[in-house]
Amino acid sequence: MKVLIYSKRGCHYCRQAKQLSRHMKYKTRVVDLSDPEHFETLRWFELEGYSTVPQVFVDGEHVGGFNEFEKFVKNKEFRG
């Protein structure tokens, strides 16, 4: 499973999302929107209407923020 996490430095929920993804041994890519190199990504992020971080995508599908990602993981484990 491939997980993409859009995050910002100092964000508690971003840190939790990254820890959960790595704990589950998902292939995790993190885009830190605090980095100037991701200015264009931040613009896209805002245009798409995402106003909070983290925003988590699993296998290309938007899951939501940390709470939604945590629920997704629990449901995935429950179903096996």
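Nothing here was measured: the structure is a model prediction, and the numbers come from that model.

### What to know about unusual backbone geometry
Okay, so step 1: Cis peptide bonds are those with omega within 30 degrees of zero, and the linkage from Val-53 to Pro-54 qualifies with 0 degrees.
Okay, so step 2: If you check the backbone angles, Asp-59 has positive phi at about 50 degrees while not being a glycine.
Okay, so step 3: Its location among the elements puts Asp-59 in the loop between β3 (55-58) and β4 (61-64).

### Structural notes on the packing of aromatic side chains
Okay, so step 1: Counted by the stated rule, this structure contains seven aromatic pairs.
Okay, so step 2: Here the aromatic rings of Tyr-6 and Trp-44 are separated by 5.8 Å at their centres, their planes lie at 45 degrees, and the arrangement is tilted. Here Trp-44 lies in helix α2 (residues 39-47) and Tyr-6 lies in strand β1 (residues 2-7), a separation of 38 residues in the sequence.
Okay, so step 3: On the basis of relative accessibility, which here comes to 9%, the residue Tyr-6 falls in the buried class.
Okay, so step 4: Using a relative accessible area of 35% as the deciding quantity, one classes Trp-44 as partly exposed.
Okay, so step 5: Among the aromatic residues, ring-to-ring pairing joins Tyr-6, Trp-44, Phe-45, Tyr-50 and Phe-57 into one connected group.

### Quick look at the pattern of salt bridges
Okay, so step 1: Applying the stated criterion across every chain yields a total of three salt bridges.
Okay, so step 2: Where Arg-9 meets Asp-35, a salt bridge forms, and the shortest distance between an N and an O atom there is 2.0 Å. Remark: Asp-35 occurs in the loop between β2 (27-32) and α2 and Arg-9 occurs in the loop between β1 and α1 (12-23); sequence separation between them is 26 residues.
Okay, so step 3: Where Glu-46 meets Arg-43, a salt bridge forms, and the shortest distance between an N and an O atom there is 3.6 Å. Of this pair, Glu-46 and Arg-43 are both found in helix α2, three residues apart, which corresponds to roughly one turn of the helix.

Reading the values: the criteria
Residues numbered from 1 in each chain as written. Predicted model: local features only at pLDDT ≥ 70, side-chain atom pairs only at ≥ 80, totals over all residues. Heavy atoms only, no water. Helix = DSSP H or I, 4+ residues; strand = E, 2+ residues; numbered from the N terminus. Phe/Tyr/Trp six-rings, centres within 6.5 Å; stacked < 30°, edge-to-face > 60°. Buried < 20%, exposed > 50% of the residue type's maximum accessible area, 1.4 Å probe, protein only. Salt bridge = Lys/Arg side-chain N within 4 Å of Asp/Glu carboxyl O.

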